[in-house]
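Here is what each chain is made of, one letter per residue.
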Amino acid sequence: MPGAPTCRDRGRRVVVHAPAKTNLHLAVGAPGHDGYHPLVTVFQALSLYEEVTATAAEPGSGVTLTVSGRGVDETPLGASNLAVRAARALAEHLGRPADVVLHVHKTVPVAAGMAGGSADAAAALLACDLLWRGDLAPADRLDVAATLGADVPFALLGGTALGTARGDRLEPVTARGELHWVMAWAREGLSTPAVFTALDDARDAGRAPRRDVLDARVPPALAAALADGDPHALGAALDNDLQDAAVALRPALAGVVGAARGAGALGAVVSGSGPTVAVLADGADHAAELARVLGAAPEVAETRHVHGPVAGARQVVGADVSPDHPSLRGR
Ligand code: C5P
C-alpha cells in the first residue's frame, strides 16, 4: 500500500509553509446552482506564511490537531478545520489511513480576505503527502486541493496566477520584479459568503452592475503592468468586484482606502472578500511610510509590510530530520 506506515516513520516530521494571497483583479459572475460564483481573478502570493508541522502518528490514532499563533480562538479544532480536512482528503485519495499529528502555526489573520485557512489546507496537504510518501503528481495535488476550497490550489501554486471557474483553475502569469504591499488589517473579520451575498443583493436591487459574461483573461492593462514590472501602472489596474459589497458591510473600509490613496499609495483595494485593504507602495521605504500613516488610522488594527510574488507551499525542514534537530527546537 502506498505510504503505509513503517517503524522508521515514528517521530518523523515535515514542516511546510504556505503563503497568504491577495487579488490584483477579481471579477465575479452570477452564482450557479451550487451557490458558488464564477470568477476571473488574478492572485498574487504574499510573504506572509502559515506553517503546518505533520508528525507521524501511531496506526489507528487518526488526525489530531493543535493550533498556535494569530486567531487561535477563531479557528475550529475539529473535523471542519481545513488542515484536518486536507489530511483526510489526501488519505482517502491515497487509500491509506489518515494517521497524523498536525500542528498549525498561524500568522495570517482569520476571515481577512487573504486565504489563511486555504494556506493551512495547502500546507497540510503537502506536509502529509511528504510524510506519507504519497508522491502525488502536482496536478493531482491541485485536484485534491480544489475539493477543499476555491483558494487552496493557489496556495499550493503561489507566484502570480489567473484563476477561473471558482478561482481554482489556475494558469501562471508572467510578473517581473518585486511588489511591496502594506496590508491594513481590521479589528474583526468578514464572512466570505456574506460578502458574496451582499454583492448579489446589490446587483438584484440595481445598485451594482451585473457581469453576465466574464472575460477569462488577465485584463490587458494589468497583464502589461505585470509583464513590465511597473508598479505605477499596476496600482491603477487593481480592481475588485467585491470591494463595494465589503464596504457596504464595513463602511470604515472606505476610509482606509481613501487614507491610503491620500498618503500616496500607488493603489489600494480590498483584498478578496476583505476586510483587509491591500495597499501598493513604490518600494520598501515608501511601504514603511505608508504602514506608519495607515497604522495611525482608527479603523486599522495593524499593518504589515509584505512583498510578492512568492512561491507556493514549500517544505522548510527535511522530512527525515529527527525531532530534536536544532531547527525544530522551540516549535
Ligand atoms: O471555497 P471556499 O470554502 O473558500 O469559499 C467560501 C465561500 O465563499 C463559499 O462557501 C461561497 O459562499 C463563497 N464563494 C463563492 N464563489 C467562489 C468562491 C467562494 O460564492 N468562487
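Residues numbered from 1 in each chain as written. Predicted model: local features only at pLDDT ≥ 70, side-chain atom pairs only at ≥ 80, totals over all residues. Heavy atoms only, no water.

Focus: the overall build of the protein
- Along the protein, the regular secondary structure elements total 10 helices and 12 strands.
- Computed over its C-alpha atoms, the radius of gyration of the protein comes to 20 Å, within 12% of the 20 Å expected for a compact globule of 331 residues.
- Projected onto the principal axes, the alpha-carbon positions of the protein cover approximately 60 × 45 × 40 Å.
- Expressed as a percentage of the 331 residues in the protein, the buried residues total 52%.
- Restricting to contacts in the protein with at least 6 residues of sequence separation, those with at least 24 account for 77%.
- Of the accessible surface of the protein, which amounts to about 14000 Å², a share of 54% is contributed by carbon and sulfur atoms.
- For the protein, the separation between the mean place of its 28 positive charges and that of its 36 negative charges on side chains is 4 Å. (Helix = DSSP H or I, 4+ residues; strand = E, 2+ residues; numbered from the N terminus. Rg over C-alpha atoms; globule rule 2.2 N^0.38 Å. Buried < 20%, exposed > 50% of the residue type's maximum accessible area, 1.4 Å probe, protein only. Contact = heavy atoms within 4.5 Å. Areas by Shrake-Rupley, 256 points an atom, 1.4 Å probe, with all protein chains shown as cover. Lys, Arg positive; Asp, Glu negative; His and termini not counted. Charge placed at Lys NZ, Arg CZ, Asp CG, Glu CD.)

Examining the site of the ligand
- Around the ligand sit Gly35, Tyr36, His37, Leu39, Gly149, Ala150, Arg166, Thr192, Pro193 and Phe196, and that is every residue in its neighbourhood.
- Take Tyr36: an N or O atom from its side chain is 3.0 Å from an oxygen atom of the ligand.
- For the ligand, a nitrogen atom lies 3.1 Å from a polar atom in the backbone of Arg166.
- Relative to its unbound accessible surface of 450 Å², the ligand loses 74% to contact with the protein.
- The element contributing the most residues to the shell around the ligand is helix H5 (residues 192–204), with 3 residues. (Near = heavy atom within 4 Å. Polar contact = N/O pair within 3.5 Å; in protein donor to acceptor, adjacent residues only side chain to side chain.)

Quick notes on unusual backbone geometry
- Cis peptide bonds are those with omega within 30 degrees of zero, and the linkage from Gly274 to Pro275 qualifies with 5°.
- Summarising the element assignment, Pro275 is placed in the loop between strand S9 (267–270) and strand S10 (277–281).
- In this chain, Gly308 is followed by Pro309 through a cis amide linkage whose omega measures 0°.
- Here Pro309 lies in the loop between strand S11 (302–308) and strand S12 (314–317).
- Unlike most non-glycine residues, Ala115 shows phi in positive territory, near 60°.
- By the secondary structure assignment, Ala115 is in the loop between strand S4 (100–106) and helix H2 (116–131).
- Ala115 gets classed as buried once you look at its relative accessible area, which sits at 13%.
- Its identity is not glycine, yet Ala165 carries a phi of approximately 60°, on the positive side.
- Within the secondary structure, Ala165 is located in the loop between strand S5 (160–164) and strand S6 (169–172).
- Given a relative accessible area of 29%, Ala165 falls into the partly exposed group.

Quick word on the packing of helix H1 (residues 82–94) against H2
- The N-to-C vectors of H1 and H2 enclose an angle of 40°; their axes lie 8 Å apart at closest approach. Between H1 and H2 the crossing geometry is right-handed. The residues of H2 that touch H1, namely those facing Leu82, Ala83, Ala86, Ala87, Leu90 and Leu94, are Gly117, Ser118, Asp120, Ala121, Ala124, Leu125, Cys128 and Asp129.
- Residue composition of the contact of H1 with H2, by class: 10 nonpolar, 2 polar and 2 charged. (Axes fitted to C-alpha atoms, helices over the stretch in contact; angles between N-to-C directions. Left-handed = near helix turned anticlockwise from the far one by under 90°. Nonpolar A, V, L, I, M, F, W, Y, C, P; charged D, E, K, R; others polar.)

Focus on H2
- Spanning 16 residues, H2 covers 22 Å between terminal C-alpha atoms, matching the ideal 22 Å at 1.5 Å per step.
- Where burial is concerned, most of H2 is hidden: 14 out of the 16 residues are buried. (Expected span 1.5 Å × (residues − 1).)

Notes on helix H10 (residues 284–295)
- An ideal rise of 1.5 Å per residue puts 16 Å on 12 residues; H10 measures up with 16 Å between its terminal C-alpha atoms.
- Taken together, the buried positions of H10 are His286, Ala287, Leu290, Ala291 and Leu294. Angular distribution of buried residues about the axis of H10 spans 140°; they occupy a single face of the element. Facing away from the buried side of H10, by more than 90 degrees, are the exposed residues Asp285 and Arg292.
- In this structure, the buried residues of H10 make contact with strand S7 (179–185), helix H9 (252–262), S10 and S11. (Arc of directions from axis to C-beta.)

Section: the sheet that holds S9
- Across the sheet, which stays open at both edges, the 4 strands sit in the order S9-S10-S7-S11 with antiparallel pairing between neighbours. Each edge of the sheet is formed by a strand with only one pairing partner; in this case those strands are S9 and S11. Between one strand and the next, the sheet's axes are offset by a mean angle of 25°, whatever the strand orientation.
- The pairing of S7 with S11 spans 7 bridges and is classified as antiparallel. Each bridged residue has a counterpart across the sheet, and for Met183 the counterpart in S11 is Arg304. (Pairing = 2+ DSSP bridges.)

Describing the confidence of the model for the protein
- For the protein, per-residue confidence averages 93 on the pLDDT scale, and residues scoring 70 or more make up 93% of the total.
- Confidence drops under pLDDT 50 across residues 319–331; counting only partners more than four residues distant or on other chains, this segment forms 18 contacts. (pLDDT = per-residue confidence, 0-100.)

Structural notes on the nonpolar core
- In terms of nonpolar packing, the biggest core is built from 38 residues, with Val100, Leu102, Leu125, Cys128 and Trp132 touching the most fellow members.
- Where this core is concerned, the elements lending two or more residues are strand S1 (13–28), strand S2 (39–56), strand S3 (63–69), H1, S4, H2, helix H3 (138–146) and helix H4 (152–157).
- Top contributing element to this core by residue count: H2, with 10 residues.
- Excluding anything up to four places from it in sequence, Val100 contacts Ala54, Thr55, Ala57, Gly62, Val63, Thr64, Ala87, Cys128, Leu131 and Trp132.
- Listed in part, the 32 residues of the second largest apolar core include Leu39, Leu242, Leu290 and Leu294. (Core = buried A, V, L, I, M, F, W, Y, C linked by side-chain atoms within 4.5 Å.)

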